[in-house]
2 protein chains.
Amino acid sequence: MKTSIATVCLSGTLEEKMRACARAGFDGIEIFEPDLIVSPSSPAEIKALADRLDLTLDLYQPFRDLEGVPEELFTSNLARLEAKFQLMQELGMDLILVPSNAGTATIADDTIIADQLRRAAELAQQYNVRIAYEALAWGRFVNTYWHSWQLVTEANHPNLGICLDSFHILSRRDDPSRITEIPGEKIFFVQLADAPDLGMDVLPWSRHHRVFPGEGSFDTVAFMTRLTEAGYAGPLSLEIFNDVFRETDPGITAADGLRSLRWVQQSARGQLPENSAQRDTLTAMPKIDPVETIDHLEVSTDSPDELGALLGTLGFRFVGQHRRKSAQLFEAANVKIVVSPMASGGTYIASVAVQVSDSRDAVSRAEALGAPRISRPVTADEVRIPGVYGPGGMQFFFVDERSSGWPTEFGATVAASSAPAHTVVLDHINVPEARDHFGASVLFTLATLRLEPLDAQSVASPRGLVHSQALESPSGGIRWIFNQVPKMYTNRAGEPVRYPGHIALAVNDLEERAQAAIETGLTVLPIPSNYYADLQARFGIDEATATRWQDLGILYDRNDDGEFLHLYTETLGGLFIELVQRRGAYQDYGPGNAAVRLAAQELHEQQHRLL
Amino acid sequence: MKTSIATVCLSGTLEEKMRACARAGFDGIEIFEPDLIVSPSSPAEIKALADRLDLTLDLYQPFRDLEGVPEELFTSNLARLEAKFQLMQELGMDLILVPSNAGTATIADDTIIADQLRRAAELAQQYNVRIAYEALAWGRFVNTYWHSWQLVTEANHPNLGICLDSFHILSRRDDPSRITEIPGEKIFFVQLADAPDLGMDVLPWSRHHRVFPGEGSFDTVAFMTRLTEAGYAGPLSLEIFNDVFRETDPGITAADGLRSLRWVQQSARGQLPENSAQRDTLTAMPKIDPVETIDHLEVSTDSPDELGALLGTLGFRFVGQHRRKSAQLFEAANVKIVVSPMASGGTYIASVAVQVSDSRDAVSRAEALGAPRISRPVTADEVRIPGVYGPGGMQFFFVDERSSGWPTEFGATVAASSAPAHTVVLDHINVPEARDHFGASVLFTLATLRLEPLDAQSVASPRGLVHSQALESPSGGIRWIFNQVPKMYTNRAGEPVRYPGHIALAVNDLEERAQAAIETGLTVLPIPSNYYADLQARFGIDEATATRWQDLGILYDRNDDGEFLHLYTETLGGLFIELVQRRGAYQDYGPGNAAVRLAAQELHEQQHRLL
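All residue numbers here refer to positions counted from 1 along the written sequence of the relevant chain. Both sets of labels track the order of writing: A upward for chains, 1 upward for ligands. Residue-level local features of this predicted model are given only where pLDDT is at least 70; pairs of side-chain atoms are given and counted only at 80 or more, and the full residue set underlies all totals for whole chains, interfaces and linings. Side-chain metrics rest on all non-hydrogen atoms present in the structure, leaving aside hydrogens and water.

## Focus: the packing of helix α10 (residues 250-271) of chain A against helix α13 (residues 435-449) of chain A
Residue and element names in this part refer to chain A. Direction vectors running N to C along α10 and α13 enclose 30°, while the axes themselves pass 10 Å from each other. Overall, the two elements α10 and α13 adopt an arrangement that is roughly parallel. Between α10 and α13 the crossing geometry is left-handed. Contact residues: α10 offers Ile252, Asp256, Arg259, Ser260 and Trp263, while α13 offers Asp436, His437, Ala440, Leu443, Phe444, Leu446 and Ala447. Within the contact of α10 with α13, the residues separate by chemical class into seven nonpolar, two polar and three charged. The axes used here are C-alpha line fits, helices contributing only the stretch in contact, and every angle between their N-to-C directions lies in the interval 0 to 180 degrees. We count a stretch as a helix when DSSP gives it H or I for four or more residues in a row; a strand needs E for two or more, and each element gets its number in order from the N terminus. Just so you know how the angles are binned, under 35 degrees is roughly parallel, over 145 roughly antiparallel, 65 to 115 roughly perpendicular, and the rest oblique. By the definition used in this description, the sense in which the near helix is turned from the far one sets the handedness, with an anticlockwise turn below a right angle giving left-handed and a clockwise turn giving right-handed. Contacts are assigned to residue pairs that have any heavy atoms within 4.5 Å of one another. Residue polarity is assigned by list, with Asp, Glu, Lys and Arg as charged and Ala, Val, Leu, Ile, Met, Phe, Trp, Tyr, Cys and Pro as nonpolar; anything else, Gly included, falls into the polar class.

## A few points about the pattern of salt bridges
All names here are of chain A. Salt bridge, as applied in this entry: a Lys or Arg side-chain nitrogen positioned within 4 Å of an Asp or Glu carboxyl oxygen. Counted under the stated rule, the structure contains 68 salt bridges over all chains. Across the pair arginine 210 and glutamate 239 runs a salt bridge, and its minimum N-O distance is 3.6 Å. Note that arginine 210 is positioned in the loop between α8 (202-208) and α9 (220-229) and glutamate 239 in the loop between β8 (236-238) and α10, a separation of 29 residues in sequence. Here arginine 210 and glutamate 239 have matching classes, each one buried. Connected through salt bridges with shared partners, the residues Glu71, Asp115, Arg118, Arg119 and Glu122 form a single ionic network. When a residue's accessible area, from a 1.4 Å probe over protein chains only, is under 20% of the maximum for its type it is buried; when over 50% it is exposed; and in between it is partly exposed.

## Some points on the interface of chain A and chain B
Size of an interface: often given as the accessible area lost when the parts come together. On the side of chain B, 48 residues touch chain A, which itself brings 48 residues to the contact. Note on chain A versus chain B: buried area summed over both sides is about 3,600 Å², and carbon and sulfur give 58% of it. Counting the contacts that link chain A with chain B gives two salt bridges. Across the salt bridge formed by Lys84(A) and Asp534(B), the nearest N and O atoms sit 2.6 Å from each other. N or O atoms closer than or at 3.5 Å make up a polar contact, with two conditions inside protein: a donor-capable atom paired with an acceptor-capable one, and, for residues adjacent in sequence, both atoms drawn from side chains. In this assembly, chain A and chain B are joined by 14 residue pairs in polar contact (both at pLDDT 80 or more). The element that contributes the greatest number of residues to the side of chain A that touches chain B is helix α17 (residues 593-607) of chain A, accounting for six residues. Classifying every residue of the side of chain A that touches chain B gives 21 nonpolar, 11 polar and 16 charged. Buried area: the accessible area, evaluated with a 1.4 Å probe, that two parts lose upon being put together, summed over both parts.

## Brief notes about the sheet that holds strand β15 (residues 395-399) of chain B
Residue and element names in this part refer to chain B. A pair of strands is labelled paired if DSSP reports no fewer than 2 bridges between them. Read from one edge to the other, the open sheet built from seven strands follows the order β10-β11-β12-β9-β13-β15-β14, with strand pairing classed as mixed. Strand pairing shows two members of the sheet lacking a second neighbour, β10 (317-321) and β14 (387-389), which therefore form its edges. Put simply, the sheet's adjacent strands are angled 25° from each other on average, direction ignored. Across three bridges, the pairing between β14 and β15 is antiparallel. Among the inter-strand pairings, tyrosine 389 is bridged to a residue of β15, identified as glutamine 395. Along the sheet face, helix α11 (residues 304-313) touches β9 (294-301), β11 (328-332), β12 (335-341) and β13 (347-355) and points at about 165° away from the line of β12. Across the face of the sheet, helix α13 (residues 435-449) comes into contact with β13, β14 and β15 while running at roughly 5° to β15.

## Section: the sheet that holds strand β15 (residues 395-399) of chain A
All names here are of chain A. Taken in spatial order, the seven strands line up as β10-β11-β12-β9-β13-β15-β14 in an open sheet, and their pairing is mixed. Edge positions in the sheet fall to β10 (317-321) and β14 (387-389), since each of these pairs with one other strand and no more. Strand after strand, the sheet turns through a mean of 25° between neighbouring axes, direction not considered. Note that strand β9 (residues 294-301) and strand β12 (residues 335-341) share five bridges and pair parallel. Residue pairing in the sheet places leucine 297 in a bridge with isoleucine 337 of β12. The strands touched by helix α11 (residues 304-313) within the sheet are β9, β11 (328-332), β12 and β13 (347-355), with β12 carrying the most contacts at an inclination of about 165°. Packing against the sheet, α13 makes contact with β13, β14 and β15, and its axis sits at approximately 5° to β15.

## Considering the relation of the copies chain A and chain B
The copies are overlaid by a least-squares fit using only the C-alpha atoms of residues whose pLDDT is at least 70 in both copies. When chain A is fitted to chain B, the best match, at an RMSD of 0.0 Å, comes from turning it 180° and sliding it 0.0 Å along the axis. Such a combination of turn and shift is consistent with a two-fold rotation axis. Among all residues of chain A, the one whose C-alpha sits closest to the rotation axis is Met200(A), at a distance of 2.0 Å. Most of the interface of chain A is mirrored in chain B: 100% of its interface residues are interface residues there too.

## Overview of the packing of aromatic side chains
Residue and element names in this part refer to chain A. Two rings from Phe, Tyr or Trp (for Trp, the six-membered ring) form a pair when their centres sit within 6.5 Å of each other. Planes less than 30 degrees apart are called stacked, planes more than 60 degrees apart edge-to-face, and all others tilted. Applying the stated criterion across every chain, the model contains 34 aromatic pairs over all chains. Centre to centre, the rings of phenylalanine 85 and tyrosine 127 are 5.8 Å apart; their planes meet at 45°, and the pair counts as tilted. With phenylalanine 85 in helix α4 (residues 71-91) and tyrosine 127 in the loop between α5 (110-126) and β5 (130-134), this pair connects stretches of sequence that are 42 residues apart. Accessibility expressed as a relative area gives 14% for tyrosine 127, which makes it buried. Here phenylalanine 318 and phenylalanine 330 contribute two aromatic rings whose centre-to-centre distance is 5.4 Å and whose plane-to-plane angle is 50°, an arrangement assigned as tilted. Here phenylalanine 330 lies in strand β11 and phenylalanine 318 lies in strand β10, a separation of 12 residues in the sequence. Pairwise contacts between aromatic rings join Phe396, Phe444, Trp480 and Phe482 into one cluster. Two conditions define a charge sitting above a ring: the NZ of Lys or the CZ of Arg must be within 6 Å of the ring centre, and it must be within 35 degrees of the ring normal. Directly above the aromatic system of tyrosine 568 lies the positively charged group of arginine 597, at a separation of 5.4 Å from the ring centroid.

## A short note on the nonpolar core
Throughout, nonpolar core names a set of buried Ala, Val, Leu, Ile, Met, Phe, Trp, Tyr and Cys residues whose side chains join them through atoms within 4.5 Å. Counting residues in each nonpolar core, the largest one holds 348 residues, and the members touching the most others are Trp480(A) and Trp480(B). In this view, Trp480(B) contacts Val352(B), Met394(B), Phe396(B), Ile429(B), Val431(B), Thr445(B), Leu449(B), Leu451(B), Gln469(B), Ala470(B) and Leu471(B); residues no more than four positions away in its chain are not counted.

## Quick notes on the environment of Leu329(B)
Residues and elements named next belong to chain B. Topologically, leucine 329 is positioned in strand β11. Relative accessible area serves as the criterion here: at 1%, leucine 329 is assigned to the buried category. In the structure, leucine 329 is positioned 256 residues away from leucine 73 in sequence and 76 Å away in space, judged by C-alpha atoms. Non-local contacts of leucine 329, meaning those with residues more than four positions away in its chain, are made with Arg317, Phe318, Val319, Gly320, Lys336, Ile337, Val338, Trp406, Pro407 and Phe410.

So, in structure tokens, the structure goes:
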């Protein structure tokens, strides 16, 4: 489907917004009137710029408070409307959005409203303009799509159709299934928006907290599926009022928006039968099976010796140096970590390599989601693992059977580890992400690897709330957590510092392994006594166990599914390791303990003058 | 009244929070349990630190999900509670908060709930602890203060009373008037919190968006008045869950909190009859009449020559240089602006001097609101105007009859201006404020000068939403607008730049004055043609008028009260001047036009390479 985006989604001037939309690859835009009014460019100049950028001008919006008013006011509204039709001619535009009256409406009579809409459509016809009538969720008398469709049916004019906006429908928990009863050609325009479930009144919710499809809690895929079944064939547009987007580089926001339109179309394709006639109106992405296995992690570090020792204390074996490069391979059971020394920049997860059946499909899918391909040439006799950059700079690599032999370049033999595979398992990874990239990184990662989101969480830290989003693969092979970095993550001198991510390894002998690691010199993150006093009060843990756990830095949780023990190493310039042991069917991450960890890290780093 | 604050209000570690509360001048604190659990200090160390800081430990909180549960669970809850009583003994604390059960309650029977509360109180008695039972707005069975009071009455135990939290009562639009029926001594604790009207579900609203009393939309003064009438005599505490406070320096937040407690007590005093017995339990502030007149503004500038010329084009007369200092006085009718040359720092309103009947009362009041006094010595034969620093660094000076002769130091004669006083009037000032200081600056300004807040607004700019709060004096003599500076107010190189404030002058001959100013070289902010096309469509303005206004940079608004014409000068390093003309009884500021101005400024400054 043809893709479009409303200029109100983006920061900057109208001209900056248009250039950002074109660079991202949108086919067209909606002109949000206030953006035009404050622009120094004449309508003819905007038209010419759009032509040069190869952007269509799809919708002029909004024209407010037209209908359901006394005749005298309606006449003056028609004059106001005609002025906009004349402006649209200068812009070369032929479609205008008329939201249902939320301000001046005083007449609830459907016959009068339909008649006023018809008269507006007659005026539009004289200018070769079409009107898309949209039911606002907070419209005075008209606030459901079905009501707007009934009015359009009654008005019965070829220049009048409806606009469907997923926010206005899904925010009211309205049922989108009757969309299929509306002829596709009478749906003149579609705006897609998602939103997190904030329990707010619809108006402030809509004005400040919309997000791109797939980034919120609405079932935008079901909405898209119904639309397609109705025979709607585009354009598919985004109208997202979001306070953060308004403060973000428009190039970033536009790229994120186009990705979400690709994702929602592909997801809706998955809902439609293969032989569905409408299915091919939806733009396809290369399909891959859900990814279930992280092949290896690459950690960039300016402290390779310390990192190697840290991994060593936790049971990792140094496999060897890359035959040509400075990278080193460490391995524990099936967990492989490549350590890449860098001159500076701290220590952080630089790339995640996942196992796929065909890396070409995976790269194509990631590219369709807007990810640039990574150029990393190899010599003729080396294995090349193809990869892409995610929105926040994380590198994703895709290992298939053509590249699975890469560890031999580190001198690994085929049966590298003598330890049983289950003794160390990659439990989850935790990746920090800046606010501007958070939603986009989450959507890109889940869409590229086909992960499922859990409920979002907020955790208190001494420097503010940390927002957290966990993604899991369908069979649980991958657990990937994004943490949104607090605004003021700086050291005491006010300089920005790297907010730490972590790698969590699951073991089945946490206490013994912790004891052994401490004996070989590992510093675990110290956890305060008060925490253990509370554990005793909450769970009836005995004094001896609490003391033993405190000596080992072990935190604890229990629920109906089982038990969870875990500890954290101290942070090495932006990365720490968590060891976890899950007992029974425990699936969670120890809620409450993350706040304890954040405070303990703050204190530890203050004492070591790192922050 | 004794003042207190919950540690959850503040960022940092528990020890940092305690030091911040002591510095701000609180008498005591509530220990928020998660803060203690993550602290490395033992309970005895916390007690000793509190003693040294002269802070009382007023309330241990919260103990969740105690009552309304089956007997087996209640027994285990009592064991959990007893562990906390033992901990409180180590802390030397005697009051614990038990919010109504919101998680595990399954028994709605008041007799059983009251019985469980009584048994908890009996256990508390053994430890010399008292229980303050609080109805959470989202409690499962108990969610109104009256219900909690009925249960406490039924339980009838000296160690059981209630805690009243204004948020839980006012967020549900519950009527606080029955508080006066509760004996003051059975109100064991009071938490004050305000909140803006966000139309959200109470739980997320409470957890993220509480603000200090006076900074939101609740009538916390009426609440405070009812409390006092009930005979409650303290402590008066703050429990504010706020995402911004969590990211702000705790010293700033604590000072802001204490100010709000001083304000709310003074305001409640004003509601009680002079002869009320309870009135004196409320801490008084020095009282002043509402301030209605800005005596003069002081503008600091690193471009004094340009600023002087700008004022000159707008009809200001250069009165003279200060006899000793580099400051210059400009005057137009009754509007006086002192220009203070500085080596660097741009141009901005550095101080506002207001007319009061006695500056000593005004300074005392400002000091009671936490403002430090300004040290600005003068020579023996000069007039000294006393003043204070506001929370965001703005200086407030108070002119009374002892200091009203200050202009003579600039060589002014008594009858300085020959122009009629009404030809130029100070219409309003607009002061930018950083997010961390925004709420505090608003509250300090309105409490110090006794201004009234209008509804808050948000205006779209190319760099994000600008939040705006207007304050007005009762008779309209002062209009003061705060704008919250968008996060990313930087130039193209990413360096922070001064977000502009402005001074708005009302004239009765805007077009003529604009024409004259332009002829003497003034550059007005250019407003795009598209704006005037829209004016024609919206208001039926004729082409000739629109063209004339565009040449003069004049914007327009009209409503039922009258008309509003205004223009902006170009910005001089952080300050611009607005000229306004109000026709009829127009009281507003031209809604919609601020967005046009922000976009026009962005463009103008981009073209002049200032941003």
